[in-house]
Amino acid sequence: MTIPVGKTSPPGPVNPLPRPLPVEFTLDQCIKCNICLSSCPVSAVTDLFPGPKYAGPQAGRFRTSSQASPDLSVDYCSGCRVCNMVCPHGVKIAEINARARARMVEDGKIPLLLRFRNNLVARSASLGRFAQPLHPLSNFIFSFTPARILADRLLHIAAQAPFPRFAGQRFSSWFHRQPRRPGENGQVVYFHGCATEFYEPWIGKAVVRVLEASGLEVIVPDQGCCGLPLLSNGEFKAARRYHLSNVRHLVDYARQGIPILGTSTSCILTLKEEAPELLDMHDQDTRLVASMTFDFSEFMLQLHEQGRLNTDFSPLPHSIPYHEPCQYRAHRLGNPGRVLMSLIPGLQLLMSPAACCGIAGTYGFKSEKYSIAMQVGEPLFNFVRSSKSPLILCESETCRWQITHATALPAFHPVELLAYAYGLKVGSPIQQILTNTKK
Amino acid sequence: MQRIQTEVLVIGGGATGTGVLRDLAMRGFNALLVEKGDLSTGTTGRYHGLLHSGGRYVVKDPQAARECLQENGILRRIMPHCLEDTGGYFVLTPWDEPGYAEKFVQGCRQARIPMEEVPVHKMLAAEPLLNPQITRCFHVPDAAADSFLASQCNAASAREYGAQYLTYHKVTQLLVHDRRVLGARLLDQVKGEEIEVLADMTVNASGAWVGQVCAMAGLSVTIIPGKGTMLALNQRILHTVVNRCKLPSDGDILVPIHTVTVIGTTDVRVDDPDRFAIEPWEVQLMLAEGEKLVPGFSSLRILRAWAGVRPLFQEYQQGETRDVSRAFVLLDHQSRDGLAGLVSITSGKWTTYRKMAEITVDLVCRQLGVSRSCRTHLEPLPDTRRRVSSGHPQEKRKPARMASLGERLAEIEAHQAYGNLVCECELATIEDVTRAVLEGGAQSIDDIRRQVRLGMGPCQGGFCTYRAAGLLHELHQSPVSVINSALLDFLLERWKGLLPVLWGAQLRQERLDELIYLNLLNADHLPGISPSQFTPEMYESAVAVAPQEYKITGQVPRIVEAEGKQPVGTGSSDLLVIGAGLSGLCAAWQAASRARRVKLLSHGQSSLYFHAGCVDVLGYYPAGSERSLPSPAEGLRRLVYENPGHPYALAGEAAIIESLNSFQALCEQAGYPLIGSLDRNWLLPTALGSLRPTCLAPLTMTTGDAGNKDPLWVVGFAGFRDFYPTWIAANLQAQGFQAAGLTIELPHLRDRKFINSRTLANLFDAGLIQDEINAAIRKLLASSPPLSPSRLAFPAVLGLQHPLRVKSELERLLGLPVFEIPTLPPSIPGMRLAFILEKALRALGGTIHTGLEVTSADVGTDGRLARVWTSSAARSLPHNSGDFVLATGGILGGGFSSNSGAEIHEQVFGLPLDYPAVHQQWFRPQFLSPNGHPVFRVGVQVDRHFQPVDPSDQVLYPNLYAAGAALGGFDPILERSSDGVALVSGCVVGNGI
């Protein structure tokens, strides 16, 4: 007596299609209405990308696994997934595009140099493991203009793109030096992601302290890069290895019913959906890990529903702009970040009307795409500037770096705000800025 | 009467005819081919596209198998570009006789067909969609063939050798004198003139029509048309031809050809090769057979059905002069009937067309007493495929290789030619269409289709028919009524093949196409249509159906426990609206303005994005009227009386007026006033030049009203493909307006590869093209044009954010009033309204979540709806609410799904829907039918409070309401009431809860 769900298994005498079909089959839903084209932030600013309808469901009918990739322009899709969110018919355009790009890579249609460059910027964990220990030097080099110009000329890594600074200590190192604090409210696994690990460990600290404030014990198991930058660059073989490794590290916790949380919206989306769908990984372990993976705010709200969330927030009478990253909308959770922050008394959020900041992961770091990325983000940057606020909130790390780069305004993860509202000291600069600001 | 003298006259422009023409020409004969339609409109253009390896015949007819194999090899050499090397499988399914496999293996060996057994796991790795229950698989050198292209290449080669061909020339009489055929009399179907052809020999290669042509000489040749129906799936689900390993029968082959997958076929004897039906049982049979090869086949999107007739020759006298093989029939009428000067060739397989032609021309040579040998197997055919030229005149054609699916896309990509697409689905460019018209002799849009694949993709002409007709008008300078007819003819032609398979995503597509042609373009009220010899004949209606019976489907959603913790979800709401079209947005907006906490969930962006951006309240009443209503009020009075279940009747006049007023107030406040009242319909020009009635129109459009007789210029922008100024102006002129159309070049657009409505709107908003437009127009004004305009019309792209500012700027610069005309989606004016409503809703504290598809609902034991669930990454998300509004838009909006079992379901709550029980009764034979299509009246029945009721009028859920196109009992697109009903029902619901 269940309601007919979705479009691939209609009711009645018709046999449903028997297995999770490759995403390319959703192109059957396309009725060419052009809504995706009218919403795509990339095709709005450049002719190099003819739009989601063209690159996804339309070109999809000309692609077949038995022939070489016919594509070129699909490489300019940024993977922001706005098209998926606005398509009223269920075409998985962004995924179709991502897989088409992977075929381009497989068929050697990405020039070798650019492919090398893509791998450099996409292997965040490797980069971090190598460069973070050298951090004063590595930070210097990555911000040294002549070095950046050289990298631009030789490797096509945009000279002006916002590289974050390596932190003094890796998050996991800090965490493993902390005394274990068992919580009476249960355990959670924290999937920190490369940005927290190498660049912004204070976000991880904030997460740990905030979760502990609600009586949870935080576990940080061995983990690796989620692989999304590799997926976005069509390096599917490597991405599969990364994902398998993470599933292996996490599945035991999932089996015990311990939720896996993350603050990086892209990492969490990858574990929940992107890796399984793009890589056609539908085995039991992958599915189990996905089903036990939650976004941080999503999880906190569930705690709240169960009455287990510590709501002892100090009032924060501030009006702060908040940009929900496009990757976050792709979780299809509504606005959990906003709902969570509405629990802080006095806080007013100015919601960003913009679709995308432009950086789209590794996209905006590439010389040939940097200016597209900056144009895509322009409506957001204007919004931020006109808000006259000293800071902005945003869950995605690359978005934060992009926004700061374009507007000179510091950007923070909402968990840092929560930590501040709880009165926890986690070493985040947000504290300084908010205490200095009058409403 | 024109007289043509030639050596050999060939009747029939299919594979055999064009093959014969080429062979004759290569052997030095003076030859002329005549065809009553376009090339390949007979059986050749209606088969599944298989190049046989011979595998299908190895058991039953080994000789035919050998011939196929031999020709297979030859065709691969001479026309690789017409073929795609898909390879073929013969698969043994659980439904096939196991012993046949061995016979097949033996047969292949004997016929020397290269065959290799493939382990099933390898087969599944290559073709994951095949049935895992297949037990054996054999690979053979089948291939996919483009028979249209092949005929064109043969004809082109014949031309190169000095032969000629005439399409749309029908043989009306064979000239016989003294027991000899001297030639034929023809009718030029385009010009209506008669022509006489005198020839030494006549070759009757008219396939299924051979009997009819022979009868013109008094000969009795019985050809029984054997109809075969085929279906095309929207995409390639396989890249290998797949045959059932059994004796050939119905529905046992799947062929991937170009962008589709074809399943064929049936074999039904019919009386007339020109008139037959596609019967529902044939479609169902092929779906069932398809399921055996590909489980889940029947839930894939089917694009189209078509049928062709095989010529089956019936022997009736002894001593037929036949050639060696029984596979085809060559009749030497001199020895058979004592009539000289005529030979007939028919039957056979497409794969063996060249051999058939060779043998026929050998006979012609013998009859004419000459000895010339065939070389058609030695020389490759020219490559007449569509090409993107890089502008270099001497571009050499690369030596032909076998075709591949992706090469067209690769070419478009390499040249960045995506801005030039007329047919986006099949990647046909302006260049392709122009060549087809100017060089390829295309008379109708269907002719263009055969050459460049226009209209053969998922939208089945939804967008490209308009563009092609517009281009045709620019190229042909025909009277506008001819172009109008061309548009309607092609839409009808596409409809013909859609009817038998219209459900699911394709039905949704058709409804969008209806929205475009009826609502946006008003194509059913064009000023003039010429009687056209190209108007397609529909398939006969199949088995007569009993008077319409309706059926009701609907399921009860799952009942959920009342006790225990209920999931709270991401924030509760008072009112949850499902759907962000005009009705959903209005319901949410009105409720929010009464301080309800409103949450709006929508699968995707608003359907306003493809509506015209006006408020149509009631355009035609009764729905199929010739004349539009001068005022909605007048029609409403009658409607409310005659149709008490109509949403307008349920809402009542006061509510209608109030809703319109509120909406006008909102738009006024937002700085984008909508002008109008119930007392008068505007009549605004469409992007076709017809006039569409609407009640409220933005200030940016009202200067175009038909009441204004000032002379006007219709102005388009070079590179913008969705607007054809000269055609619009010509149609306006035909209605008594003084209008001229022109296209201006803007420097800002010159280097752009890709221009669409949004591109232009953004440029206007940024103030970047107003000056250029001014300069271009002033130059033209100064050049003493034949018509001096008092107003100017542009496509509706005058800015998304600041349309009124853009309008005033243009008017200030140009010194003339300016208005905009809505064109193909995406609709900029529609988007403006969506922005206004969304902004208002948010300002009132409502939340909108785009991208959240509602998949199911829970009901509490108190009979009230408790929550809905949306599909989220890795899980479903619950949304609790007090009240719920279903505004999911019916078939077009996606709120209702349909399937090959002729069922329609309301997707969220399983509400009861009633609609004709039999699929054939869902539609009328004409696409733009004055009475519309019964299926589009399907909807949710509601009471006066817009609460869904069951068939006995009991309210189903006390906290559920419905609004907009989800409501049943009327056809909003046909009546032109879609915006009004959405607005009124939405506002009434939003105010009433």
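Secondary structure assignment for chain A yields 23 helices and eight strands. At 21 Å, chain A has a C-alpha radius of gyration in line with the 22 Å of a compact globule built from 439 residues. In terms of principal-axis extent, the alpha carbons of chain A reach across some 65 × 60 × 40 Å. Counting all 439 residues of chain A, 63% fall into the buried class. The contacts in chain A between residues at least 6 apart in sequence include a share of 75% that link residues at least 24 apart. When the accessible area of chain A is evaluated, it comes to approximately 15900 Å², of which 57% is carbon and sulfur surface. Considering chain A, the positive charge centre built from 44 side chains and the negative charge centre built from 33 side chains are found 3 Å apart.

Before going further, it helps to examine the overall build of chain B. Of regular secondary structure, chain B possesses 28 helices and 41 strands. Relative to the 2.2 N^0.38 estimate, which gives 30 Å for 993 residues, the radius of gyration of chain B is 31 Å and therefore close to what a compact globule would have. Going through the 993 residues of chain B one by one, you find that 66% of them count as buried. Contacts in chain B between residues far apart in sequence, at least 24 positions, make up 72% of those at least 6 positions apart. Total accessible area computed for chain B in this model is approximately 33800 Å², and 50% of it derives from carbon and sulfur atoms.

Quick look at the packing of helix α16 (residues 582–592) of chain B against helix α25 (residues 828–843) of chain B now. Residue and element names in this part refer to chain B. It is at 9 Å that the axes of α16 and α25 come closest, and there the two elements cross at 30°. Accordingly, the angle class assigned to the pair α16 and α25 is roughly parallel. Crossing of α16 against α25: the hand is left-handed. For the pair α16 and α25, the contacting residues are Leu582, Leu585, Cys586, Ala588, Trp589 and Ala592 in the first and Leu837, Glu838, Ala840 and Leu841 in the second. Residue composition of the contact of α16 with α25, grouped by class: nine nonpolar, no polar and one charged.

So, on to the nonpolar core. Counting residues in each nonpolar core, the largest one holds 275 residues, and the members touching the most others are Leu454, Phe663, Phe717, Phe794 and Phe909 of chain B. Among the elements that make up this core, the one with the highest residue count is helix α14 (residues 480–498) of chain B (10 residues). What Phe663 of chain B contacts, discounting residues up to four positions off in sequence, is Leu582, Trp589, Val615, Leu674, Leu833, Leu837 and Leu983 of chain B. With 57 residues, the next largest nonpolar core counts Ala122, Cys267, Trp401 and Ala411 of chain A among its residues.

Residues and elements named next belong to chain B. Those residues of helix α17 (residues 632–642) not exposed but buried are Pro632, Ala633, Gly635, Leu636 and Leu639. The buried residues of α17 occupy one face: seen down the axis, they fall within an arc of 155°. Set apart from the buried face of α17 by more than 90 degrees, the exposed residues are Arg637 and Tyr641. Looking at the buried positions of α17, the neighbouring elements they touch are α18 (647–651), α19 (653–669) and α27 (972–975).

All names here are of chain A. With seven of 10 residues buried, helix α16 (residues 296–305) is to be regarded as a mostly interior element. For α16, the set of buried residues is Phe296, Ser297, Glu298, Phe299, Met300, Leu301 and Leu303. Its side-chain oxygen placed 3.1 Å from the backbone nitrogen of Ser297, Asp295 serves as the N-cap of α16. Downstream of α16 by one or two residues, Gly307 has phi in the positive range, about 75°.

What follows concerns the pattern of salt bridges. Evaluation of the coordinates by the stated rule reveals 76 salt bridges over all chains. For Asp75 of chain A, the salt bridge goes to Lys369 of chain A, with nearest N and O atoms at 2.8 Å. Pair noted here: Asp75 of chain A is in the loop between α2 (52–60) and α3 (82–86) and Lys369 of chain A is in helix α19 (residues 367–376), with a separation of 294 residues, a long-range link. Residue Lys369 of chain A is classed as buried on the basis of its relative accessible area of 1%. Measuring nitrogen to oxygen at the nearest pair gives 2.8 Å for the salt bridge that ties Arg27 of chain B to Asp362 of chain B. With Arg27 of chain B in the loop between α1 (15–26) and β2 (31–34) and Asp362 of chain B in helix α9 (residues 353–368), the pair connects residues that are 335 residues apart, well separated along the chain.

A word on the sheet that holds strand β2 (residues 217–219) of chain A. Residue and element names in this part refer to chain A. A sheet is described by the order of its strands in space; here four strands give the open sequence β2-β1-β3-β4, paired in parallel fashion. Each of the sheet's edge strands pairs with one partner strand only, and the pair in question is β2 and β4 (293–295). Neighbouring strand axes in the sheet, compared pairwise and without regard to direction, differ in orientation by 40° on average. In the sheet, strand β1 (residues 187–190) pairs with strand β3 (residues 260–262) via two bridges, with the strands oriented parallel. Opposite Tyr190, over in β3, you have Leu261 as the bridge partner. Here helix α11 (residues 201–213) sits on the sheet and contacts β1, β2 and β3; the angle it forms with β1, its principal contact strand, is near 170°.

With that out of the way, let us pick up the interface of chain B and chain A. Residue-level contacts link 93 residues of chain B with 77 residues of chain A. In this structure, the connection of chain B to chain A is made through four salt bridges. One salt bridge in this structure joins Lys53 of chain A and Glu424 of chain B, with 2.9 Å as the shortest N-O distance. Taken together, the links from chain B to chain A amount to 38 residue pairs in polar contact (both at pLDDT 80 or more). At the level of secondary structure, the elements contributing two or more residues to the side of chain B that touches chain A comprise α10 (407–415), α15 (504–520), α22 (757–765), β34 (847–850), β35 (854–859), β36 (865–872) and β37 (875–886) of chain B. The element contributing the most residues to the side of chain B that touches chain A is α10 of chain B, with six residues. Taken together, the residues of the side of chain B that touches chain A break down into 41 nonpolar, 35 polar and 17 charged.

Residue and element names in this part refer to chain B. One pass over the structure, following the stated rule, counts 29 aromatic pairs over all chains. Judged by centre distance (5.4 Å) and plane angle (45°), the ring pair of Phe104 and Phe138 falls under tilted. Note that Phe104 is positioned in helix α3 (residues 100–111) and Phe138 in strand β7 (residues 136–140), a separation of 34 residues in sequence. Grouping residues by exposure puts Phe104 and Phe138 together as buried.

This part is about the environment of Gly251 of chain B. For Gly251 of chain B, the position within the fold is in the loop between β14 (241–244) and β15 (253–257). Taking the C-alpha atoms as reference points, Gly251 of chain B and Arg594 of chain B, separated by 343 residues in sequence, lie 60 Å from one another.

Residues and elements named next belong to chain B. Spatial ordering of the open sheet is given by β31-β30-β32-β33, a layout of four strands whose pairing is parallel. Two strands in the sheet have a free side with no partner beyond their single neighbour: β31 (739–744) and β33 (818–821). Recorded for the sheet is a direction-independent mean angle of 30° between the axes of neighbouring strands. As defined by bridge partners, strand β30 (residues 712–717) adjoins β31 across six bridges and the pair is classed as parallel. When the bridges of β31 are listed, Trp713 appears paired with Ala740. Of the strands in this sheet, β30 and β31 are in contact with helix α20 (residues 725–734), which crosses β31 at around 175°.

The side chains of a regular strand alternate between both faces of the sheet. Residues and elements named next belong to chain B. Most of strand β19 (residues 328–332) sits inside the fold, with five of its five residues counted as buried. By the alternation rule, side chains of β19 split into Phe328, Leu330 and Asp332 and Val329 and Leu331, which are all buried. With five bridges connecting them, β19 and strand β20 (residues 342–347) associate as antiparallel partners. Note on β20: the bridge partner recorded for Leu330 is Ile345.

It is worth spelling out the confidence of the model for chain B at this point. All names here are of chain B. Summarising the model, chain B shows a mean pLDDT of 93, and 95% of its residues fall at 70 or more. Of the regions scoring below 50 in pLDDT, residues 317–325 engages in 18 contacts with residues more than four places distant in sequence or in other chains. Model confidence for the complex: the whole-complex pTM is 0.95, and ipTM, which rates the interface, is 0.95.

What follows deals with the packing of helix α4 (residues 93–106) of chain A against helix α14 (residues 265–278) of chain A. Residue and element names in this part refer to chain A. Running from N to C, α4 and α14 cross one another at 50°; their axes reach a closest spacing of 10 Å. Here α4 is positioned oblique relative to α14, judged by the angle of their axes. At the point where α4 passes α14, the crossing takes the right-handed sense. On α14, the residues that touch Glu95, Ala98 and Arg99 of α4 are Glu274, Glu277 and Leu278. The class makeup of the residues in the contact of α4 with α14 is two nonpolar, no polar and four charged.

Next up on the list: the confidence of the model for chain A. The share of residues in chain A with pLDDT of 70 or more is 95%, and the mean pLDDT across the chain is 92. For the stretch residues 1–13 of chain A, pLDDT sits under 50, and the model shows 36 contacts to residues farther than four places along the chain or on other chains.

What counts, and at which threshold
Residues numbered from 1 in each chain as written. Chains lettered and ligands numbered in written order. Predicted model: local features only at pLDDT ≥ 70, side-chain atom pairs only at ≥ 80, totals over all residues. Heavy atoms only, no water. Helix = DSSP H or I, 4+ residues; strand = E, 2+ residues; numbered from the N terminus. Rg over C-alpha atoms; globule rule 2.2 N^0.38 Å. Buried < 20%, exposed > 50% of the residue type's maximum accessible area, 1.4 Å probe, protein only. Contact = heavy atoms within 4.5 Å. Areas by Shrake-Rupley, 256 points an atom, 1.4 Å probe, with all protein chains shown as cover. Lys, Arg positive; Asp, Glu negative; His and termini not counted. Charge placed at Lys NZ, Arg CZ, Asp CG, Glu CD. Axes fitted to C-alpha atoms, helices over the stretch in contact; angles between N-to-C directions. Parallel < 35°, antiparallel > 145°, perpendicular 65-115°, else oblique. Left-handed = near helix turned anticlockwise from the far one by under 90°. Nonpolar A, V, L, I, M, F, W, Y, C, P; charged D, E, K, R; others polar. Core = buried A, V, L, I, M, F, W, Y, C linked by side-chain atoms within 4.5 Å. Arc of directions from axis to C-beta. Polar contact = N/O pair within 3.5 Å; in protein donor to acceptor, adjacent residues only side chain to side chain. Salt bridge = Lys/Arg side-chain N within 4 Å of Asp/Glu carboxyl O. Pairing = 2+ DSSP bridges. Phe/Tyr/Trp six-rings, centres within 6.5 Å; stacked < 30°, edge-to-face > 60°. pLDDT = per-residue confidence, 0-100.

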